[in-house]
Amino acid sequence: MKISADFTTIPDDFTGAAAPENKVDGTPIVSFPFYIDELREGMQYLHWQVTDPDSIPVCGFEWIHWSAANVPVDALMFDFNDSHALQIPPDFSRTLPAMIPEATQGRTSAASKFVGSDNPAVTMRYNGPTPPDKPHGYILHVWATPEPLPDMRQGFWLNDLYHKVLAYSGPVDDAEITFVGNLAK
């Protein structure tokens, strides 16, 4: 599997520099697009995380910006005339529940007892980068499996996703990519 995007620095529309109408409680909520290419044959479900390890010195833990599980490949748009046949489109985090109700999204770090947000639009959807101190590196890691991961309910914690992927008895395909997120303007 190969992951790519049309950028290496996350565009402002998906970060703390986003327009006010693309934020909830000051948090950017429009997820960025990315492509998945060279998916191993037989892989039918996608699972991913977006995290910020550079947040550790700032808040004491790696910030979870987004996680998703059991997204069926067949439910995603394919354009076989495009060099990137499989795309996760912009704003997928907010449209996913209506488009693919069987797919799930996990909690972000905004749901942490250390942060304390209780708004599901922020705690269980994409949270865009808003680094307070310097540009940060954001890791997108994607796994693919032939079958859905069991018992992945809306609002799962990221460790649940890790445990389910590690315990999966079938083949797993995976890849990751790192993006830069600049300071909010």
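Up top is the structure.
Note that the structure is a prediction, hence the values are computed from the model and not measured. (Residues numbered from 1 in each chain as written. Predicted model: local features only at pLDDT ≥ 70, side-chain atom pairs only at ≥ 80, totals over all residues. Heavy atoms only, no water.)

Student: Explanation requested: the packing of aromatic side chains in the structure shown.
Tutor: Aromatic ring pairs: the centre-centre distance and the angle between the two ring planes describe each pair. Scanning all chains against the criterion turns up 12 aromatic pairs. Note on Phe7 and Phe32: the rings are 5.9 Å apart at their centroids and 90° apart in plane angle, and the pair reads as edge-to-face. Here Phe7 is found in the loop between β1 (2-4) and β2 (23-24), whereas its partner Phe32 is found in the loop between β3 (27-28) and β4 (34-37), with 25 residues between them in sequence. On the basis of relative accessibility, which here comes to 1%, the residue Phe32 falls in the buried class. Joined through ring pairs, the aromatic side chains of Phe7, Phe32, Phe34, Trp48, Trp66, Phe92, Tyr126 and Phe179 make up one cluster. (Phe/Tyr/Trp six-rings, centres within 6.5 Å; stacked < 30°, edge-to-face > 60°. Helix = DSSP H or I, 4+ residues; strand = E, 2+ residues; numbered from the N terminus. Buried < 20%, exposed > 50% of the residue type's maximum accessible area, 1.4 Å probe, protein only.)

Student: Even after reading the chapter, I still don't get helix α2 (residues 92-99), so can you show me in this structure?
Tutor: Side chains that are three or four residues apart share a direction in an α-helix, a result of its 3.6 residues per turn. Among all positions of α2, only Phe92, Ser93 and Leu96 are buried. Along the axis of α2, the buried positions cluster into a sector of 85°, meaning they face one direction only. (Arc of directions from axis to C-beta.)

Student: Just checking my understanding: could you explain the pattern of salt bridges for this structure?
Tutor: Opposite charge on two side chains permits them to pair, given that their charged atoms come into close proximity. For the structure on display, the rule yields three salt bridges. Between Arg153 and Asp151 there is a salt bridge, and its shortest N-O distance comes to 3.8 Å. Across the pair, Asp151 and Arg153 agree in class, each one exposed. Among the charged side chains, a network of salt bridges with common partners joins Asp151, Arg153 and Lys164. (Salt bridge = Lys/Arg side-chain N within 4 Å of Asp/Glu carboxyl O.)

Student: Would you explain the pairing of β4 in this entry?
Tutor: Look at any regular strand and the pattern is simple: side chains alternate between the two faces of the sheet. Neither face of β4 is left uncovered, since the one carrying Phe34 and Ile36 and the one carrying Tyr35 and Asp37 both have all their residues buried. Where β1 meets β4, three bridges bridge the pair, whose relative direction is antiparallel. Across the sheet, residue Ile3 finds its bridge partner in β4, namely Ile36. The pairing of β4 with strand β7 (residues 86-88) spans three bridges and is classified as antiparallel. Across the sheet, residue Ile36 finds its bridge partner in β7, namely Leu86. (Pairing = 2+ DSSP bridges.)

Student: What should I look at first to understand helix α4 (residues 158-167) in this one?
Tutor: Those residues of α4 that fall on the buried side of the exposure criterion are Leu158, Leu161 and Val165. In an axial view of α4, the angular spread of the buried residues amounts to 55°, which keeps them on one side of the axis. Exposed residues lying more than 90 degrees from the buried face of α4 are His163, Leu166 and Ala167. Packed against the buried residues of α4 are β5 (45-52), β6 (63-72) and β9 (136-145). (Contact = heavy atoms within 4.5 Å.)

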